[in-house]
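Spelled out, the chains give:
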2 protein chains.
Amino acid sequence: MHKVCVTLGTLIAGVLLLAGSAQAQVPADCVPSALNIPGAPFPCIFPDHRVMFRVSAPEAHSVTVRVGKGFPMTHEADGLWYATTTPLVEGFHYYMVQIDGASFSDPSTATYFGGGMWSSAIEVPASDAAFYSNQQVPHGDVQIRWYYSTVTRKWRRCLVYVPADYSQHPRQLYPVLYLLHGWGENELGWTFQGHVQQIMDNLIAAHKAKPMLIVMDNLNAAKPGEDGRIYDARGVLTEANPEPQAPMGGAPGMPGAGPGHKPGTPVARRRPMFHLSNTFSEMMFTDLIPMIEKEYRVAPGRDNRAMAGLSMGGMQTFTTGLQNLDKFAYLGGFSGNCNGFSGSFDPKTSCFGAFADAASFNQKVKVLFLSTGSVEGPRVKAFSDALTQAGIHNVYFESPGTAHEWLTWRRALADFAPRLFR
Amino acid sequence: MHKVCVTLGTLIAGVLLLAGSAQAQVPADCVPSALNIPGAPFPCIFPDHRVMFRVSAPEAHSVTVRVGKGFPMTHEADGLWYATTTPLVEGFHYYMVQIDGASFSDPSTATYFGGGMWSSAIEVPASDAAFYSNQQVPHGDVQIRWYYSTVTRKWRRCLVYVPADYSQHPRQLYPVLYLLHGWGENELGWTFQGHVQQIMDNLIAAHKAKPMLIVMDNLNAAKPGEDGRIYDARGVLTEANPEPQAPMGGAPGMPGAGPGHKPGTPVARRRPMFHLSNTFSEMMFTDLIPMIEKEYRVAPGRDNRAMAGLSMGGMQTFTTGLQNLDKFAYLGGFSGNCNGFSGSFDPKTSCFGAFADAASFNQKVKVLFLSTGSVEGPRVKAFSDALTQAGIHNVYFESPGTAHEWLTWRRALADFAPRLFR
């Protein structure tokens, strides 16, 4: 085993050398993605947002890069495969490379946990990128923290954004936003894909948002025994779910949901590790919140506690939050809520009946925030309108020109955070 | 672009479904690696430390898994490729999958930045794994922190381990260990591959190490203009290096170093982004240390400051530390130092002449720590012996049965940290 690193190093150096040696071939107006590994010239982005990919696969027969849709790559004279996409929308996109029918991440980019695996990604810089970029302002930090859950009987990891002034005011108490990722992502998402640090540092420095703690946990939580469910070849649960099942809808990006899905029934789930559950709520109230309120200087009570999430994390937020309004005064669903995929809404029964008494709801919930990307379609806007019609105060935010992706959610956070704890 | 996530999700769900549906084929005594994505049964580890890999590549002609050496995979009746290795040594191993001559990470595992890219990895559990595992003890955290470097004129990210009692003792000052990764790795390595949190939490809870801050930065630092060096097809620098060049050796895992290398001359470097430099030292003293001493409650002076690193990080530690003994009282080189690859050592001239006056050196440096894995060979031991013969006090630690890999460095940290700040 002496040569493990040498061998790996040599192997990889060869790959990298290749990447470097053909650097002269990068078109002058194609700028390497900010997410590339150090020194990698591809993928690069043209001013019109076409993206050029390059992959080394000398003996492959067919190579496709799949970013949203598939773009077949061509084998050029230099022995490398190239593809240039049509113009992509601004923002962060996961992508994969298919080599002779198999799917892999691109060795030229950093990987991010999304879609249930560590995927490649590119960043098409947004016209408003300053809001999620490092600026010369006081910087907070994100703290990686492990804790033991008595509910799941497992160690869990959460990340906590702490604002710059936290250590300067040792007697000040801070409100807390609990913020969830989406399906197939994890507790790292808001930091590495979402730029939570930069967004909040910039907002707080501009006095647009109050200094707050943001706790980013993993929405997957299963008790011993809950993991071992049996799924058929289509990924459909074939065993009765042993835990109480909350009504839920699906959302784009969440397998199992679709136009044929009946609201109020459990969504067929393809993977046991990605599921909405009341176990998460139980874990949150039993383990997570007490741990946070012990480790940090937290302002007490529901008026100082918010919850939000994106996509499936928005669904979990509404599942947890609407059934526990004594614990949260602010709720946000970014491209995900309790009625995400369906147009049908009955204020008396939908969403756990939480909206049945509008006056009572409005008195309790200081901000109910719904958002989506304009390219995601009209569902969230329709839900917001239906809530308004039912007398429920709510805020609707739409990210212009973006899809079910991270730029939509970065912008949603930047719009939501300033509304909190006022 | 509406369907970006749906398409990607569906694609990936297919891959995952495949991974799940054949789960019955996992041998009963083969335990999934702790680094696998949630629910992935492969790679798995047999009790005798053979590892079984599985990859989906339906149309590939040849697939090899490369973990240290290459293990050809065979295309089985279920359409998947399988390989079982010979027994591997304990610990964390990077690995890659080669599909028809191209190198990719395995979609079944988490990826870690090593070898200059995001590589797959498996963890063969060590017999002494408790020391780097979560235990029921008070937990510190690791803080992700961005700061601006006036030397490189770029934003940099460092990670800071903060012990559990830091927030409980708001007037206490803490000593600091600056701890570096190896070639082709980055500032995330000690947290994600190295388990720095668990190692330190366990040592501190057992009163074996003093509570301390550990700052983990990126050893790569280049001023504007230093990035644009020109390398020939073999990766050898063809332009004169514009910055002052410190004498240095190579180390296993660092391309360019080898038996033919002449000590005291620069190593030919294959990649501009991975290099030892005095720019790092300048950045550290100008930007990093002042930032840390502003943001944290740091005990003053050299007696409260240590520096260590692994492999190339050990080389950088000795490059920085030996030339700045007024700033450090403790130095550690884990499988890397100022004399790593060469047997020749002249106490009067080697290593910047720092060992020329043994009495003065011993008076200044409270702990000079050298370590290696027993499988790495006798170089570090020979260097330790040569130092001892020259009258230089030093500590030598050897990790039994491990190679130039992370288990060696986890154990080195666990032996080194208790010796600090006494």
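Structure's up top.
Residue numbers run consecutively from 1 along every chain, following the written order of its sequence. Lettering for chains starts from A, numbering for ligands starts from 1, and both go in the order in which the items are written. Side-chain atom pairs in this predicted model are given and counted only at pLDDT of 80 or more, local residue features only at pLDDT of at least 70, and totals for whole chains, interfaces and linings cover all residues. Computation of side-chain values: all heavy atoms of the structure, hydrogens and water removed.

## Some words on the sheet that holds strand β2 (residues 44-45) of chain A
All names here are of chain A.
Part 1: An order of β1-β2-β3-β7-β6 is seen for the five strands of this open sheet, with the pairing classed as antiparallel. Across the chains shown, the open sheet's two edge strands, defined by having one partner strand only, are β1 (31-32) and β6 (74-75).
Part 2: When DSSP finds two or more bridges between two strands, those strands count as paired. For the purposes of this entry, the term helix denotes a DSSP run of H or I that reaches at least four residues, the term strand denotes a run of E that reaches at least two, and both are numbered from the N terminus. With two bridges joining them, β2 and strand β3 (residues 51-55) adopt antiparallel strand pairing. Within β3, the residue paired with Ile45 across the bridge is Val51.

## Some thoughts on the environment of Leu413(B)
Part 1: In this fold, Leu413(B) is placed in helix α8 (residues 406-416).
Part 2: Along the chain, Leu413(B) and Ile199(B) lie 214 residues apart, while their C-alpha atoms are 8.0 Å from each other.

## What about the pattern of salt bridges?
Part 1: By definition, a salt bridge exists where a carboxyl oxygen of Asp or Glu is found within 4 Å of a side-chain nitrogen of Lys or Arg. Going through the model one piece at a time under the given rule, you end up with 32 salt bridges over all chains.
Part 2: Close ionic contact of Arg145(A) with Glu295(A) constitutes a salt bridge, the shortest N to O distance being 3.4 Å. Taken together, the positions of Arg145(A) in strand β12 (residues 141-149) and Glu295(A) in helix α4 (residues 278-295) put the pair 150 residues apart, joining distant regions of the chain.
Part 3: A 1.4 Å probe rolled over the protein chains alone gives each residue an accessible area, and that area as a share of the maximum for its type sets the label: buried under 20%, exposed over 50%, partly exposed in between. By relative accessible area, Glu295(A) is classed as buried at 18%.
Part 4: One salt bridge in this structure joins Asp415(A) and Arg419(A), with 2.8 Å as the shortest N-O distance.
Part 5: You can call Arg419(A) partly exposed: its relative accessible area is 32%.
Part 6: Through salt bridges that share partners, Asp141(A), Arg145(B), Lys294(B) and Glu295(B) make up one connected network.

## So, the packing of helix α3 (residues 196-205) of chain B against α8(B)
Residue and element names in this part refer to chain B.
Part 1: Viewed as axis vectors pointing N to C, α3 and α8 meet at an angle of 30°, and their least axial separation amounts to 10 Å. By the angle between their axes, α3 is roughly parallel relative to α8. Remark: the crossing between α3 and α8 carries right-handed chirality. Contacts between α3 and α8 involve Val196, Ile199, Met200 and Leu203 from the former and Arg410, Leu413 and Ala414 from the latter.
Part 2: Each residue belonging to the contact of α3 with α8 can be placed in one class, and the counts come to six nonpolar, no polar and one charged. Where helices are involved, their axes are fitted lines through C-alpha atoms of the stretch in contact, as for all axes, and angles between N-to-C directions lie from 0 to 180°. The labels follow the angle: roughly parallel below 35 degrees, roughly antiparallel above 145, roughly perpendicular from 65 to 115, and oblique for the rest. For a crossing to be left-handed, the near helix must be turned anticlockwise from the far one by less than a right angle; the clockwise case is right-handed. The contact criterion used is simple: two residues touch if any of their non-hydrogen atoms lie within 4.5 Å. Think of it as three bins: nonpolar holds Ala, Val, Leu, Ile, Met, Phe, Trp, Tyr, Cys and Pro, charged holds Asp, Glu, Lys and Arg, and polar takes everything else, Gly as well.

## Thoughts on the pairing of strand β12 (residues 141-149) of chain B
Part 1: With respect to burial, β12(B) is a largely interior element, seven of its nine residues being buried.
Part 2: Alignment of β12(A) against β12(B), held across three bridges, turns out to be antiparallel. Along β12(B), the bridge assignment pairs Ile144(A) with Val142(B).
Part 3: Taken together, the nine bridges between β12(B) and strand β13 (residues 154-162) of chain B define a ladder with antiparallel strand orientation. Counterpart to Asp141(B) in the pairing with β13(B) is Val162(B).
Part 4: Turn length for the β12(B)-β13(B) hairpin, with the two strands adjacent in sequence and antiparallel, is four residues, and the turn residue Arg153(B) shows positive phi of about 55°.

## Brief notes about the nonpolar core
Part 1: Residues enter a nonpolar core if they are buried and are Ala, Val, Leu, Ile, Met, Phe, Trp, Tyr or Cys, with the set joined through side-chain atoms within 4.5 Å. In terms of nonpolar packing, the biggest core is built from 105 residues, with Met200(A), Phe334(A), Met200(B) and Phe334(B) touching the most fellow members.
Part 2: Apart from the residues within four sequence positions on either side, Met200(B) is in contact with Tyr161(B), Ala209(B), Met212(B), Ile214(B), Leu413(B) and Ala417(B).
Part 3: Among the nonpolar cores identified, the runner-up in size contains 46 residues, and Cys158(B), Met312(B), Phe345(B) and Val365(B) belong to it.

## Considerations on the pairing of strand β17 (residues 330-334) of chain B
Moving residue by residue along a regular strand, the side chains alternate between the two faces of the sheet.
Residues and elements named next belong to chain B.
Part 1: Along β17, five of the five residues are buried, which leaves the element largely enclosed by surrounding structure.
Part 2: Here β17 shows two buried faces, one formed by Tyr330, Gly332 and Phe334 and the other by Leu331 and Gly333.
Part 3: Here strand β16 (residues 305-310) pairs with β17 via five bridges, running parallel. Counted as the bridge partner of Met307 is Leu331 from β17.
Part 4: When the strands point away from the viewer and the connection leading from the first strand across the helix to the second strand turns clockwise, the crossover is called right-handed. For the segment spanning β16, helix α5 (residues 312-322) and β17, crossover handedness is right-handed.
Part 5: Across five bridges, β17 lies against strand β18 (residues 367-373) in parallel orientation. Along β18, the bridge assignment pairs Phe334 with Ser371.

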